[in-house]
Structures are given as C-alpha cells and as structure tokens.
Amino acid sequence: MPSTKPLLATLITFPTMTDGRGDLVALETNTPNVPFTLKRVYYITNVPQGQDRGGHAHKALEGVLIATSGTIDITVDNGHDRESFTLDSPHKGLHLEAGLWREMSNFSEGAVLMVLASEVYDEADYIRDYQAFLEWVKQ
Ligand code: T46
C-alpha cells in the first residue's frame, strides 16, 4: 500500500470538536499533533501581499506550522529535494523536522501563520544562507 507520508514534511489533520457553536481544536505537547516538547508559540500576521518570509533552516528546532486564518504556501528543501504545501485550514498543521530549509509565500490577505516550536528562540540555530545550508547538509 503506498505511503501517504510526503517526502519532506508531514501534513497533520487535527481532531476537531464540532458542535452547533463552532469548531474547537486542542493541541497538546508530545502527541501525534505536536510530536515534540513544545517550548514556544509565535504567530505571523499583517504580511503584505506578495511578501515572502523564511529563507532559512534550523539545525535542531522542529515545528508545526498552522494557517489559523487564510492560506499560505510553504516550500521545504532538504538540500536534495524540494516540496511545496498549501496551508489552507486551521484544522491542519505541517510538521517540519530539523534540518529543513523553509520558505513561506503567497500569504492571502489577513492570513495568520501560527508556529509551535520545539525550542526557545536561538539565532545560533538558524542557517540563513542557502549555500551554507548545502554545506551543512553535506557534513
Ligand atoms: C521559522 C518560520 C516558519 C525573535 O526575536 N523571536 C522569535 O521567536 C522569532 C521566531 C523571531 N524573532 C526575531 C528574529 C528576527 O529579528 O524576529 C525577527 C523576524 O524573524 P524571521 O526573519 O526569522 O521570521 P521568518 O518569518 O522569516 O521565520 C519565522 C521563524 O523565525 C522561523 O524559525 O521557521 O518563521
């Protein structure tokens, strides 16, 4: 049976509690929805139309990216292959393991990107130069 797991990242569909009042998604640390110990949450808003973000990799950090509103394209790259995903629902998250270059683009108007991260902020964990990333992948 063919695997549905994508090559570079895993798109997770969150269980949703739906009733006549709307939908509720609950995310807990160290579960299939957040498969690491959660240490930080941040979110990105007010991205101008046509503005890209990202363009870096993390050496150790992993995360789950969620478009809580609107649509956002995420491209991931492991130094050999690239793969693109569209986040278009607050009921889905994209799990990125460590060591992946990521680019975020095509933010729709009003889009909100929430990120659940496995580490506190540490600039030393970033690789922000693509050639340096390719060198790092080789090591
Ligand atoms: C990632 C993608 C999906 C902080 O001071 N604390 C933080 O927790 C974060 C995330 C950023 N910053 C500072 C660092 C920069 O001076 O905020 C500024 C903007 O960060 P950056 O240019 O890295 O933002 P993005 O949107 O390109 O990338 C972010 C995350 O940094 C990154 O880890 O995976 O979202």
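The structure this text deals with has already been given above.
What comes next concerns the included structure. The structure displayed is predicted, hence computed values, not measured ones.

## What to know about the sheet that holds strand β6 (residues 63-69)
Pairing is antiparallel across the open sheet formed by 5 strands, whose spatial order is β1-β9-β6-β11-β4. If you trace the sheet from one side to the other, it starts and ends with β1 (10-13) and β4 (40-44), each paired once. The average undirected angle you get between the axes of adjacent strands in this sheet is 25°. Relative to strand β11 (residues 112-117), β4 is paired through 5 bridges, and the arrangement is antiparallel. If you follow I44 over to β11, its bridge partner there is L113.

## Quick look at the sheet that holds strand β8 (residues 82-87)
Read across the sheet, 5 strands follow the order β8-β7-β10-β5-β12 without closing on themselves; strand pairing throughout is antiparallel. Among the strands making up the open sheet, the edge pair consists of β8 and β12 (126-127).

## Looking at the packing of aromatic side chains
If you walk through the whole model with that rule in mind, you get 5 aromatic pairs. With centroids separated by 5.9 Å and ring planes inclined at 40°, the aromatic side chains of Y130 and F133 adopt a geometry described as tilted. Here Y130 and its partner F133 are both found in helix α1 (residues 130-138), 3 residues apart, which amounts to about one turn of the helix. Judged by its relative accessible area of 29%, Y130 falls in the partly exposed class. F133 sits in the buried class, given a relative accessible area of 0%. Between F133 and W136 the ring centres are 6.5 Å apart and the planes differ by 25°, which places this aromatic pair in the stacked class. Here the residue F133 and the residue W136 both occupy positions in helix α1, the gap between them amounting to 3 residues, near one helical turn. By relative accessible area, W136 is classed as partly exposed at 29%.

Conventions used here
- Residues numbered from 1 in each chain as written.
- Predicted model: local features only at pLDDT ≥ 70, side-chain atom pairs only at ≥ 80, totals over all residues.
- Heavy atoms only, no water.
- Pairing = 2+ DSSP bridges.
- Helix = DSSP H or I, 4+ residues; strand = E, 2+ residues; numbered from the N terminus.
- Axes fitted to C-alpha atoms, helices over the stretch in contact; angles between N-to-C directions.
- Phe/Tyr/Trp six-rings, centres within 6.5 Å; stacked < 30°, edge-to-face > 60°.
- Buried < 20%, exposed > 50% of the residue type's maximum accessible area, 1.4 Å probe, protein only.

Function-wise, these values are silent; they only describe arrangement.
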